[in-house]
Amino acid sequence: MIIHQNTKIGAILKHHPASLDAIVSISPKFEKLRNPILRKLMAARATIAMASKIGGCQVTDFYTKLAPLGFEIDPAIPANAGEERELPAFIQSLDEEQVVVLDVRPVIAAGEDPLSLILQTIKTIQAGQVLKIVNTFEPTPLMILLKKQGFEAYADHIEEDLVETWFYKNADINIKVQAGNWEEALKRFENKLQTIDVRALQMPLPMHTILESLDTLPEDKALFVYHKRIPVFLLPELAQRGFEYRAKELASDEVHLLIFRN
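Asks: Pulling in residues and values, what's your account of the overall build of the chain?
Replies: Across its full length, the chain holds 12 helices and 10 strands. Expressed as a percentage of its 262 residues, the buried residues of the chain come to 45%. Of the contacts made within the chain by residues no fewer than 6 positions apart, 70% connect residues no fewer than 24 positions apart. Total accessible area computed for the chain in this model is approximately 13,800 Å², and 50% of it derives from carbon and sulfur atoms.

Asks: How would you summarise the pattern of salt bridges if you had to cite specific residues and measurements?
Replies: What the rule picks out here adds up to 9 salt bridges. Residues Lys132 and Glu164 are paired through a salt bridge, measuring 3.8 Å at the closest nitrogen-oxygen approach. Of this pair, Lys132 sits in strand 4 (residues 130–135) while Glu164 sits in strand 6 (residues 162–169), placing them 32 residues apart in sequence. Take Lys132 and Glu164: they sit in the same class, and that class is buried. Residue Arg241 is joined to Asp215 by a salt bridge in which the shortest nitrogen-to-oxygen separation is 3.2 Å. With Arg241 in the loop between helix 12 (235–240) and strand 9 (243–251) and Asp215 in helix 11 (residues 205–215), the pair connects residues that are 26 residues apart, well separated along the chain. It is possible to trace a salt-bridge network through shared partners that takes in Asp21, Glu31 and Arg34.

Asks: Run through the sheet that holds strand 4, naming residues and quoting values.
Replies: Read across the open sheet, the 4 strands follow the order 3-4-6-5; overall the sheet is mixed. At either margin of the open sheet sits one strand with a lone partner, and together these are strand 3 (99–103) and strand 5 (151–159). With strand direction ignored, the average angle separating the axes of adjacent strands in the sheet is 20 degrees. Pairing analysis gives 5 bridges linking strand 3 to strand 4, with the strands arranged parallel. Following the sheet pairing, Val99 is matched in strand 4 by Val130. In the packing of helix 9 (residues 140–148) onto the sheet, contacts are made with strand 4, strand 5 and strand 6, and the angle to strand 5 comes to roughly 155 degrees.

Asks: Report on the packing of helix 4 (residues 48–55) against helix 5 (residues 59–66), specifying residues and quantitative values.
Replies: Two numbers describe how helix 4 lies on helix 5: the axes approach to 8 Å, and their chain directions differ by 105 degrees. Our classification of the angle between helix 4 and helix 5 gives roughly perpendicular. Mapping the contact onto sequence places Ile48, Ala49, Ala51 and Ser52 in helix 4 and Val59, Phe62 and Tyr63 in helix 5. Grouping the constituent residues of the contact of helix 4 with helix 5 by class yields 6 nonpolar, 1 polar and no charged.

Asks: I'd like to hear about helix 5, residue by residue, with values.
Replies: For helix 5, the set of buried residues is Val59, Phe62, Tyr63 and Leu66. Here the buried residues of helix 5 occupy an arc of 100 degrees about the axis, which is enough to place them on one side. Residues of helix 5 that are buried sit in contact with strand 1 (2–3), helix 1 (9–15), helix 2 (19–24), helix 4 and strand 2 (72–73).

Asks: So what about the nonpolar core? Which residues, and what values?
Replies: Ranked by internal contacts, the top residues of the largest apolar core, which has 23 residues, are Ile9, Ile12, Ile23, Phe30, Ile48, Phe62 and Leu66. Those residues in contact with Ile48 that lie beyond four places of it in its chain are Ile3, His4, Gln5, Thr7, Ile9, Ile12, Val59, Phe62 and Tyr63. With 20 residues, the next largest nonpolar core counts Ile210, Phe243, Leu257 and Ile259 among its residues.

Rules behind the numbers
- Residues numbered from 1 in each chain as written.
- Predicted model: local features only at pLDDT ≥ 70, side-chain atom pairs only at ≥ 80, totals over all residues.
- Heavy atoms only, no water.
- Helix = DSSP H or I, 4+ residues; strand = E, 2+ residues; numbered from the N terminus.
- Buried < 20%, exposed > 50% of the residue type's maximum accessible area, 1.4 Å probe, protein only.
- Contact = heavy atoms within 4.5 Å.
- Areas by Shrake-Rupley, 256 points an atom, 1.4 Å probe, with all protein chains shown as cover.
- Salt bridge = Lys/Arg side-chain N within 4 Å of Asp/Glu carboxyl O.
- Pairing = 2+ DSSP bridges.
- Axes fitted to C-alpha atoms, helices over the stretch in contact; angles between N-to-C directions.
- Parallel < 35°, antiparallel > 145°, perpendicular 65-115°, else oblique.
- Nonpolar A, V, L, I, M, F, W, Y, C, P; charged D, E, K, R; others polar.
- Arc of directions from axis to C-beta.
- Core = buried A, V, L, I, M, F, W, Y, C linked by side-chain atoms within 4.5 Å.

What follows is the structure, given as structure tokens:
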């Protein structure tokens, strides 16, 4: 096998099993490759050039270690522009027992919203654990909002329709649902309501629609939202944007929200 600085570590490991020990001997940082989870994540995407930056070594160090195993070296090929993102520290130090895997693709394929399942699973994640959501797209709103609630997030695009999103819990989620004083707030904005209905929208459109409506909401009006559930991940965003809200649950699948400036 001919290798150069753009050769993926995963291809090298697949070609010769002894290459794992050879690479690990280059830098103590490569000991993490013995972890099967990290090896699957990193090796398939990291090139020799990228790995040398991670390990604090030189590309030629790989050539020196791998040549005795029968690898042919092509040092003339330049490095690709725009190397892949380095994996965040919380993934590089993972132990297998820390990872909780949630594959929501069957839920989506059945035409259902996976949010309730994600919420239930999020509640079970302890400090130091990692939730890996397997999905068909990158859940950007979820990543942004969970970051604000003490999670680190990283999305790994495995294939065109396969994305693994990792959430590391640094702190407990603490979201307080403001359900009190509904009638008082509703009376305060009598004849000053702007109404939207997001019950038929698929995720993540409800949250986007609400936020877009708030961007143009007049100062003296409130946004009345017909929703299927309390949008837990929207609540911290409302507080950050200077909005208060009240929620009224009418049934398990029917919620009214009143959102206004504080």
